[in-house]
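Observations on chain architecture
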Amino acid sequence: MSTIGPKTGLRSLTQLPGPGEEDERRHWDYHYDEVGSLPGTLVIEPDAVPPNLVLIDYRPDQATRQNPQFPMDCAPYLETDSVAWLDVQGLGSEAVLRQMGDVFKLHPLVLEDVVNVPQRPKIEPYDHQIVIIARMVVLKSDGQASGELGFDSEQVSFVLGRGYLLTVQEEPHIDCFDPVRDRIRYNRGLIRAKQADYLAYSLLDAIVDGFFPILEAYGEYIEDLEDEVIFRPTRQTVQKIYQVRRDLMTLRRSIWPQRNAINGLMREDSDLISEEVRVYLHDCYDHAVQVLDIVETYRELTSTLMDVYLSSVSNRMNEVMKTLTVISSIFIPLTFIAGVYGMNFDPAVSPWNMPELNAYWGYPLCWLVMILMSGGLTLYFWRQGWFENISG
């Protein structure tokens, strides 16, 4: 499971990795097997959560939910005419996962893709199953309540068979499937009257729609960044822009291959997917395209914000230099006069050695000349509009 956000263990929009700090990029990178490892090797992370099994079995007239202890307890439900949905939440037990592979007759490579996360979102057809790897993102409710932005991301694997659907998640607490579960429980919509392919579509549609609340939150954050860049840019502003761009890249890397996977699922020549469900998948594909368009638009906005920030900083520097130039232009002639009359010449030796030093009104006249000179320069700069540019 990958996490992005400002809470403990998460990354804030205003925090960047410092020297020696571990830079988590698991939500960017895909899984790579070790050199020479056997096909089908399972890699269980030390901090992986033990699996929690949730079985929902339904038909048009009824629906049941239970928590089996082992995957083998689900085997009888795979032989009935109802739809069985087993949701495995957690990847912390190799024994349970291998038993799951035996019960659902998963190919070793399928089990490897399901367990060794993260994988690139994709679709792979097999003889009697269709495997779908998707990426789910969920907006953090605690981060939003505190006014900070963040989201959780995890891989969700689908194994669609005749009369059943197997889903495998990394974490039990990161989920956007509750609306689908409620529709099954309260018999809302068409889901109970349809087969497992419609259930798979409903879950995929929930995953894609889960991107929209996150993008809405980022859209509002980018609007606030625009005001900050224009009116009150600071050193932290560029860090915020960089972090937003990095998070948008994460979303793009999640939705781009997912869009292609949904497109491939629509075109898959398999009797496991009915023509009616293919029509619904077109709508899911359109939503994925909309998400990708919004992500690309926001990435362009952040690029523009970076250019505006650099221009704003440059303009502020120009205004500072202009202010210093005006002040220097006024005081340079005054400094010249004060420097000339600060030289140690004795008018008693020669009438040409600063005779003004013996003048009765010499000191007041010197001040008068300097005041008139500085006032004249100030009036000239004001008429040229320099002070207006500085104040604006």
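Note that the structure is a prediction, hence the values are computed from the model and not measured.

1. Topic: a negative patch on the surface
Where like charges cluster on the molecular surface, the negative patch consists of Glu216, Glu220, Glu223, Asp224, Glu226 and Asp227. On the secondary structure map, Asp227 appears in helix α6 (residues 211-231). Classification of Asp227 by relative accessible area gives partly exposed; the value is 38%.

2. A short note on α6
Spanning 21 residues, α6 covers 30 Å between terminal C-alpha atoms, matching the ideal 30 Å at 1.5 Å per step. Taken together, the buried positions of α6 are occupied by Phe211, Ile214, Leu215, Ala217, Tyr218, Gly219, Tyr221, Ile222, Leu225, Glu228 and Val229. Against the buried residues of α6 lie β6 (130-139), β7 (151-161), α5 (196-209), α7 (235-267) and α8 (275-340).

3. Things to note about the nonpolar core
Counting residues in each nonpolar core, the largest one holds 65 residues, and the members touching the most others are Phe158, Phe177, Leu199 and Leu251. With near-sequence residues (within four places) excluded, Phe158 lies in contact with Ile130, Val131, Ile132, Ala134, Leu165, Leu166, Thr167, Phe177, Ala200, Leu203, Leu204 and Ile207.

4. A look at the packing of aromatic side chains
All told, the structure shown has eight aromatic pairs when counted by the stated rule. Judged by centre distance (6.3 Å) and plane angle (65 degrees), the rings of Trp85 and Phe177 are edge-to-face. Remark: Phe177 occurs in the loop between β8 (164-169) and α4 (178-185) and Trp85 occurs in strand β4 (residues 83-89); sequence separation between them is 92 residues. By the burial criterion, Trp85 is buried, and Phe177 matches it. Positioned above the aromatic ring of Trp256 is the side chain of Arg252, whose terminal nitrogen or guanidinium carbon lies 4.8 Å from the ring centre. Over the face of the ring belonging to Trp256 we find Arg259, whose NZ or CZ atom lies 4.6 Å from the ring centre.

5. Considering the pairing of β8
For β8, the buried fraction is high: six of the six residues fall into the buried class. Both faces of β8 are covered, namely the face carrying Tyr164, Leu166 and Val168 and the face carrying Leu165, Thr167 and Gln169. Relative to β8, β4 is paired through six bridges, and the arrangement is parallel. Within the sheet, the bridge partner assigned to Gln89 lies in β8 and is Gln169. What sits between β7 and β8 in their antiparallel hairpin is a turn of two residues, with Gly163 showing a positive phi close to 90 degrees.

6. Regarding the confidence of the model for the chain
When the pLDDT values of the chain are averaged, the result is 84; 86% of them are 70 or greater. For the stretch residues 2-28, pLDDT sits under 50, and the model shows 72 contacts to residues farther than four places along the chain or on other chains.

Thresholds applied
Residues numbered from 1 in each chain as written. Predicted model: local features only at pLDDT ≥ 70, side-chain atom pairs only at ≥ 80, totals over all residues. Heavy atoms only, no water. Patch = residues over 30% accessible without salt bridge, like charges linked within 9 Å, V, L, I, M, F, W, Y side chains within 5 Å. Areas by Shrake-Rupley, 256 points an atom, 1.4 Å probe, with all protein chains shown as cover. Salt bridge = Lys/Arg side-chain N within 4 Å of Asp/Glu carboxyl O. Lys, Arg positive; Asp, Glu negative; His and termini not counted. Charge placed at Lys NZ, Arg CZ, Asp CG, Glu CD. Helix = DSSP H or I, 4+ residues; strand = E, 2+ residues; numbered from the N terminus. Buried < 20%, exposed > 50% of the residue type's maximum accessible area, 1.4 Å probe, protein only. Expected span 1.5 Å × (residues − 1). Contact = heavy atoms within 4.5 Å. Core = buried A, V, L, I, M, F, W, Y, C linked by side-chain atoms within 4.5 Å. Phe/Tyr/Trp six-rings, centres within 6.5 Å; stacked < 30°, edge-to-face > 60°. Lys NZ or Arg CZ within 6 Å of the ring centre and 35° of its normal. Pairing = 2+ DSSP bridges. pLDDT = per-residue confidence, 0-100.

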